[in-house]
Amino acid sequence: MKTLSGGATSLRQTEATGLTRREVLVLTAMGLIVPPGAARAAGPDAQLTWGVHVSLAPVWFDPADVSGIITPFMVLYALHDAMVKPMPGQALAPSLAEAWSASEDGLTYDFTLRQGATFHNGEPVTADDVKFSFERYRGASHDLMSARVAAVEIADPRHLRFRLKEPWPDFLTFYSTATAAGWIVPRQYIEKVGDEGFKKAPVGAGPYKFVSFNPGVELVLEAFDQYWHSRPNVERLVFKVIPDETTRLAALKRGEVDIAYSIRGELAEELRRTPGLTLKPAVPKSPWHDERVRRAASLAIDREGTNQALTLGYSLITGNPIVADHYEFFWQAPKPVYDPEEAKKSLAEAGYANGFDAGDYYCDSSYANIGEALVDNLLAVGIRAKLRPIERAAFIKGYSEKQFKNIIQSGPGAFGNAATRLEAFAIKGGVFAYGSYPDLDALYQLQAVELDREKRAAILNKMQQIVIERVIFAPIWQLAFLNGVGPRVGESGFGLIPRFPYTAPYEDLTLKGV
């Protein structure tokens, strides 16, 4: 059997085509001292306290030194602000830049700064600060950006232009999210105090301003009244360094901290069982997490056309993504539909009207021609992927060892029945299962001991139906960054910004009853 399916996390989207070898083709998605001025008094009811899992480093207070990891943004989102940055509901939200545009030839990007945005010391944010911040940046991808950006030109205090040496479609991505080159610092202040002075008393344009830092102990921040977006709800933020996981949880249970980062395993189970505490997984979500996206990918696939072109029409399109039609307990699913226009509508409804970059598309090199056809199908509706053919032995090894991310096309042709296929692809611990659903796991265990054939068939049919209705197949593999939230917290900020593992935006955080 031949099946095409795409999915996310424990969610997967599917389609099926049967080849003479009865293999399964699977498309899956598996696929961050107060500088001039005195601190105001803040009572405990106006304060949120974190138990941070790592020792905070002063280098993270300066956007110029941010390397290619997400951790520094835990601090940047509070202290600083960017031209554009990920925010709730927007992958690139206007921030210090209220507007931007790219030329048709892709060689220039024009930015308009927001009127009235100021740094914590009262200085206005100007185009000169933006140019200074970019040219001062020395972190991740510095060499790449320097090689591609020809000049930064200032038209007036609120307008500037980036000129590129050649078209670079990913410029805005690198400038806004992949680096911190677009996070703006005050030129005059830095030239006055120097780089080391800036790390000791950083001044930014974010929702919170620096109060004090005790290395290895805590960082204290205070709400910035003049923040352009909105005045923060919580008066003071305190980040306490508690590297030991058990100690972090104990501090959360005693009320010494309100939020504890990175609680795992048995401690996470203990947290979940503790009255008054809440487990908050900050799981990075890809577009495939949305069932509408997975369904769009299925609608985009021209199964009949590919069947005729590559297998002369002999492939059998059954609509069952996992189980071949000749296997015992096979459940006949509705025939899959090819409708690229409906696929585009579904993507638009999910917030991807312009499509998205789906990353690498891994496949057995023996079936790379199928992958080429499917990559073209996906591209036609806006899902952009790069084909990565791999020799079969290496492909199967990487697949079973859960080494691949983004999209996988697989073709195992093992003997068996519906139960063995489900176990391999949809049940926890399965050799090709990158995730699972508790209800499917429970049904699998139930059918495994059911001796009445009709009852067992009904369970297995139900399992296959669930896989298809949920548009499941092989799930997205992603790190679940588990965190604990105490009873005083209203809005914790976890999950508001897709793929961001920490609490943000800080100005949106709330305390209950405050």
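All of these numbers come straight from a predicted model, not from anything done at the bench. (Residues numbered from 1 in each chain as written. Predicted model: local features only at pLDDT ≥ 70, side-chain atom pairs only at ≥ 80, totals over all residues. Heavy atoms only, no water.)

1. A closer look at the packing of helix 13 (residues 418-426) against helix 15 (residues 453-469)
This is how it is decided: In this analysis an axis means a line fitted to C-alpha atoms, helices contributing only their contacting stretch, and an angle means the value between N-to-C directions, from 0 to 180 degrees. Helix and strand assignments come from DSSP, with helices taken as H or I runs of at least 4 residues and strands as E runs of at least 2, each series counted from the N terminus. Two helices that cross are described as forming a left-handed crossing if the nearer one is turned anticlockwise from the farther one by less than a right angle, and a right-handed crossing if clockwise. By the convention used here, residues are in contact when the closest approach between their heavy atoms is within 4.5 Å. As a working rule, the residues Ala, Val, Leu, Ile, Met, Phe, Trp, Tyr, Cys and Pro are called nonpolar, Asp, Glu, Lys and Arg charged, and the rest polar, with Gly in that last group.
Look at helix 13 against helix 15: their axes get within 10 Å of each other, and the N-to-C directions meet at 40°. The two elements helix 13 and helix 15 cross, and the hand of that crossing is left-handed. On the side of helix 13, the interface is formed by Ala418, Ala419, Leu422 and Ala426, while helix 15 contributes Arg456, Leu460, Met463, Gln464 and Val467. Along the lines of polarity and charge, the residues of the contact of helix 13 with helix 15 split into 7 nonpolar, 1 polar and 1 charged.

2. Structural notes on the sheet that holds strand 8 (residues 108-113)
Let me state the cut-off plainly: Strands pair, by our definition, only if DSSP identifies at least two bridges between them.
The strand order across the open sheet built from 4 strands is 7-8-10-9, with neighbouring strands paired in antiparallel fashion. The two strands at the open ends of the sheet, each matched to only one other strand, are strand 7 (97-102) and strand 9 (149-156). The sheet shows a mean angle of 15° between the axes of neighbouring strands, direction not considered. Here 5 bridges tie strand 7 to strand 8, and the two strands are oriented antiparallel to one another. The residue bridging serine 101 from the neighbouring strand is aspartate 110, located in strand 8. Packed on one face of the sheet, helix 2 (residues 127-136) meets strand 8, strand 9 and strand 10 (159-164) and runs near 165° to strand 9. With respect to the sheet, helix 4 (residues 171-178) is in contact with strand 7, strand 8, strand 9 and strand 10, its orientation differing from that of strand 8 by roughly 40°.

3. A short note on the packing of aromatic side chains
Selection criterion: Any Phe, Tyr or Trp ring, taking Trp's six-membered ring, that has another such ring centre within 6.5 Å forms a pair; planes under 30 degrees apart are called stacked, those over 60 apart edge-to-face, and the others tilted. Classification of residues uses two cut-offs on accessible area relative to the type maximum, computed with a 1.4 Å probe and protein chains only: under 20% is buried, over 50% is exposed, and between them is partly exposed.
In total, this model carries 27 aromatic pairs according to the counting rule given. Seen in terms of ring centroids, phenylalanine 73 and tryptophan 183 are 5.7 Å apart; in terms of plane orientation they differ by 70°. Their pairing is edge-to-face. Placement of the pair is phenylalanine 73 in helix 1 (residues 73-79) and tryptophan 183 in the loop between helix 4 and helix 5 (187-200), with a sequence separation of 110 residues. A relative accessible area of 6% places phenylalanine 73 in the buried class. Using a relative accessible area of 2% as the deciding quantity, one classes tryptophan 183 as buried.

4. Details of the pattern of salt bridges
For side chains bearing opposite charge, pairing can occur when the charged atoms are close. Rules: Think of a salt bridge as a Lys or Arg side-chain nitrogen and an Asp or Glu carboxyl oxygen that are within 4 Å of each other.
For the structure shown, the criterion picks out 30 salt bridges. When the shortest N-O distance is used, the salt bridge between glutamate 166 and arginine 148 registers 3.9 Å. Note that glutamate 166 is positioned in the loop between strand 10 and helix 4 and arginine 148 in helix 3 (residues 142-148), a separation of 18 residues in sequence. Residue arginine 148 is classed as partly exposed on the basis of its relative accessible area of 26%. Between arginine 163 and glutamate 153 there is a salt bridge; the shortest N-O distance is 2.5 Å. In this pair, arginine 163 is assigned in strand 10 and glutamate 153 in strand 9, connecting sequence segments 10 residues apart. Under the relative-accessibility criterion, arginine 163 is labelled partly exposed at 33%. When salt bridges with common partners are traced through the structure, they connect Asp62, Asp65, Arg136, Arg138, Asp195 and Lys199 into a single cluster.

5. Quick look at the pairing of strand 4 (residues 47-52)
Counting buried positions along strand 4 gives 5 out of 6 residues, so the element sits mostly inside the fold. Taken together, the 6 bridges between strand 4 and strand 13 (residues 236-241) define a ladder with parallel strand orientation. Its bridge partner lying in strand 13, threonine 49 is registered against valine 238. Note: strand 4 against strand 14 (residues 259-260), 2 bridges, orientation parallel. Note that in strand 14 the partner of tryptophan 50 across the bridge is isoleucine 259.

6. Considerations on the pairing of strand 12 (residues 218-223)
Each regular strand displays side chains that alternate between the two surfaces of the sheet. For strand 12, the tally of buried residues reaches 5 of 6 residues, placing the bulk of the element in the interior. Examined bridge by bridge, strand 11 (residues 208-214) and strand 12 share 6 bridges and lie antiparallel to one another. Along strand 12, the bridge assignment pairs lysine 209 with glutamate 222. The pairing of strand 12 with strand 13 spans 5 bridges and is classified as antiparallel. Across the sheet, the residue bridging to leucine 219 is phenylalanine 239, located in strand 13.

7. Side note on the side chain of aspartate 258
One can find aspartate 258 in the loop between helix 6 (245-253) and strand 14. On the accessibility criterion, aspartate 258 (5% relative accessible area) is buried. What aspartate 258 contacts, discounting residues up to four positions off in sequence, is Gln47, Leu48, Thr49, Leu252, Gly484, Val485, Gly486, Arg488 and Val489.

8. So, the packing of helix 13 against helix 14 (residues 438-448)
Packed helix pairs are specified by the crossing angle of their axes together with the interaxial distance, meaning the distance between the axes. The following threshold applies: Roughly parallel covers angles under 35 degrees, roughly antiparallel covers those over 145, roughly perpendicular covers 65 to 115, and oblique covers all other angles.
Viewed as axis vectors pointing N to C, helix 13 and helix 14 meet at an angle of 150°, and their least axial separation amounts to 11 Å. Considered as vectors, helix 13 and helix 14 are oriented roughly antiparallel to each other. Pair helix 13 / helix 14 crosses with left-handed handedness. Where helix 13 abuts helix 14, its residues Ala419, Glu423 and Ala426 lie against Leu440, Asp441, Tyr444 and Gln447. Residues that form the contact of helix 13 with helix 14 fall into these classes: 4 nonpolar, 1 polar and 2 charged.

9. Considering the confidence of the model for the protein
In plain terms, the rule: Summary of the metric used: pLDDT quantifies the predictor's per-residue confidence within the range 0 to 100.
Residue-level pLDDT values for the protein average 83, and 86% of them are 70 or greater. Scored below 50 in pLDDT, residues 1-44 makes 239 contacts in the model with residues more than four places away or belonging to other chains. Long-range and interchain partners of residues 474-480, a stretch whose pLDDT sits below 50, account for 41 contacts in this model, where long-range means more than four residues apart.

10. Brief notes about the nonpolar core
For the record, the criterion: The definition of a nonpolar core used throughout is a set of buried Ala, Val, Leu, Ile, Met, Phe, Trp, Tyr and Cys residues joined through side-chain atoms within 4.5 Å.
In terms of nonpolar packing, the biggest core is built from 78 residues, with Trp50, Met83, Phe111, Phe162, Tyr175 and Tyr506 touching the most fellow members. It is helix 1 that provides the largest number of residues to this core, a total of 7 residues. In this structure, Phe329, Leu440, Leu443 and Met463 belong to the second largest nonpolar core, which totals 31 residues.

11. Here's the deal with unusual backbone geometry
The omega angle of the peptide bond from alanine 504 to proline 505 is -5°, so this bond is cis rather than trans. With respect to the helices, strands and loops of the structure, proline 505 is situated in the segment after strand 19 (481-485). Although it is not a glycine, serine 262 adopts a positive phi angle of roughly 55°. In this structure, serine 262 sits in the loop between strand 14 and helix 7 (265-273). One non-glycine residue, lysine 402, lies in the positive phi region at around 60°. Among the secondary structure elements, lysine 402 is positioned in the loop between helix 12 (392-400) and strand 18 (407-409).

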